[in-house]
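Each chain, letter by letter, is given below.
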Amino acid sequence: RTLCQLPHVLATRRPGGWRSPTTQVATAPTPPNPGLNSGEIDAMSTTFLERLERPEPILYDGGFGTELFARGVELTNSSLACERHPDVVVDIHQAYLKAGAELIHTNTFVASSLHLAMADTEADSSLIAAHAAQLAKQAVAESDSPAWVAGSVGPSPGAIEADSGDTVFGIPDDKVRQAHTDVTA
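Per chain, residue numbering runs from 1 following the sequence as it is written. Restriction of local features to residues with pLDDT of at least 70 applies here, the model being predicted, together with a cutoff of 80 or more for giving and counting side-chain atom pairs; totals for whole chains, interfaces and linings are based on all residues. To get the side-chain values, take all heavy atoms of the structure and skip hydrogens and water.

(A) Layout of the environment of Ala 139. By the secondary structure assignment, Ala 139 is in helix α6 (residues 125-142). Given a relative accessible area of 0%, Ala 139 falls into the buried group. Between the C-alpha atom of Ala 139 and that of Asp 87, which follows or precedes it by 52 residues, the distance is 9.7 Å. Every residue pair with non-hydrogen atoms within 4.5 Å of one another is taken to be in contact. Excluding its chain neighbours within four sequence positions, the residues that come into contact with Ala 139 are Val 90, His 93, Gln 94 and Leu 97. Numbering of helices and strands starts at the N terminus; helices are DSSP runs of H or I of at least 4 residues and strands are runs of E of at least 2. With a 1.4 Å probe rolled over the protein chains alone, any residue whose accessible area is under 20% of its type maximum counts as buried; one over 50% counts as exposed, and the rest are partly exposed.

Have a look at this one:
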């Protein structure tokens, strides 16, 4: 089973240039990722925008929930693993890095207060997000692979259902904006 997948949409080209969710963030002072082909990328000296200009696909990590389940960690919300199982979170990041990921995302896809409330917890989304970033940076620092770390903010609860015509959730926009702001603060 492979841990890498083709990248999600990482940036878009719009009038005025690239719009990117991240820039060079965390690297380890080690040789370039051995999984890359000729023209290897050294994340220490290449910005994320420069990397986007290269024709090779960017290897991005994959789902966190799936990997948590595979390791026997079952939670009502996968972002809670940052607080309850930090060693497992670091291990998952390191497995993706070892498999060749150039970009890893924080374990915060469902860390918004809206998702946490659905998991019947009063955990602080801002603290979870800060700890998740710390764990991802730690994984990069302890690995032999330079990589970028990107924050991950998933859709609000009900967004996917709304795309299919379901109108049950009906979460007001201001609550959704605040929940996403808290994760990115």
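(B) Layout of the environment of Gly 158. Checked against the element boundaries, Gly 158 lands in the loop between β4 (148-150) and α7 (159-163). You can call Gly 158 buried: its relative accessible area is 10%.

(C) Focus on α6. Spanning 18 residues, α6 covers 26 Å between terminal C-alpha atoms, matching the ideal 26 Å at 1.5 Å per step. When α6 is considered as a whole, its buried residues turn out to be Ser 125, Ile 128, Ala 129, His 131, Ala 132, Leu 135, Ala 136, Ala 139 and Val 140. Looking at the buried residues of α6, the elements they touch are α3 (81-84), α4 (86-98), β3 (103-105), α5 (113-118), β4 and α8 (173-184). N or O atoms closer than or at 3.5 Å make up a polar contact, with two conditions inside protein: a donor-capable atom paired with an acceptor-capable one, and, for residues adjacent in sequence, both atoms drawn from side chains. With a side-chain oxygen positioned 2.8 Å from the backbone nitrogen of Ser 126, the residue opening α6 is Asp 124. The span you would expect from a helix comes to 1.5 Å times its residue count less one.

(D) Summary view of the packing of aromatic side chains. When the centres of two rings from Phe, Tyr and Trp lie within 6.5 Å, Trp using its six-membered ring, the rings pair. Their planes under 30 degrees apart give stacked, over 60 give edge-to-face, and anything left gives tilted. Tallied over the entire structure, the rule returns 1 aromatic pair. Here Phe 48 and Trp 148 contribute two aromatic rings whose centre-to-centre distance is 5.4 Å and whose plane-to-plane angle is 75°, an arrangement assigned as edge-to-face. Note that Phe 48 is positioned in helix α1 (residues 48-52) and Trp 148 in strand β4, a separation of 100 residues in sequence.

(E) Main features of the nonpolar core. Only buried residues count toward a nonpolar core. Its members are Ala, Val, Leu, Ile, Met, Phe, Trp, Tyr and Cys residues joined through side-chain atoms within 4.5 Å. With 26 residues, the main nonpolar core has Leu 68, Ile 92, Leu 97, Ile 104, Ile 128 and Val 140 as its most contacted residues. Contributions of two or more residues to this core are made by α2 (64-70), α3, α4 and α6. Top element by residues in this core is α6. It accounts for 7 residues.

(F) Summary view of the packing of α4 against α6. Remark: α4 packs on α6, axes separated minimally by 9 Å, with the N-to-C direction vectors making an angle of 50°. Classed by the angle they form, the pair α4 and α6 counts as oblique. Judged by the twist between their axes, the crossing of α4 over α6 is right-handed. Between α4 and α6, the residues in contact are Pro 86, Val 89, Val 90, His 93, Gln 94 and Leu 97 and His 131, Leu 135, Ala 136, Gln 138, Ala 139, Val 140 and Glu 142, respectively. The nonpolar class holds Ala, Val, Leu, Ile, Met, Phe, Trp, Tyr, Cys and Pro. Asp, Glu, Lys and Arg form the charged class, and all remaining residues, Gly among them, are polar. Taken together, the residues of the contact of α4 with α6 sort by class into 8 nonpolar, 4 polar and 1 charged. Note on geometry: axes are lines fitted to C-alpha atoms, helical ones only across the stretch in contact, with angles between N-to-C directions running from 0 to 180 degrees. Orientation is classified from the angle alone, with under 35 degrees giving roughly parallel, over 145 giving roughly antiparallel, 65 to 115 giving roughly perpendicular, and any other angle giving oblique. Should the near helix be turned counterclockwise from the far one by less than a right angle, the crossing is left-handed, whereas a clockwise turn marks it as right-handed.

(G) Inspection of α4 at higher detail. Counted at 1.5 Å a residue, the expected span for α4 with its 13 residues is 18 Å, and the 18 Å between its end C-alpha atoms agrees. Among the residues making up α4, those that are buried are Val 88, Val 89, Val 90, Ile 92, His 93, Ala 95, Tyr 96 and Leu 97. Residues of α4 that are buried make contact with α2, α3, β3 and α6. Directly beyond the C-terminal end of α4, a positive phi value near 115° is found at Gly 100.

Keep in mind these values describe shape, not function.
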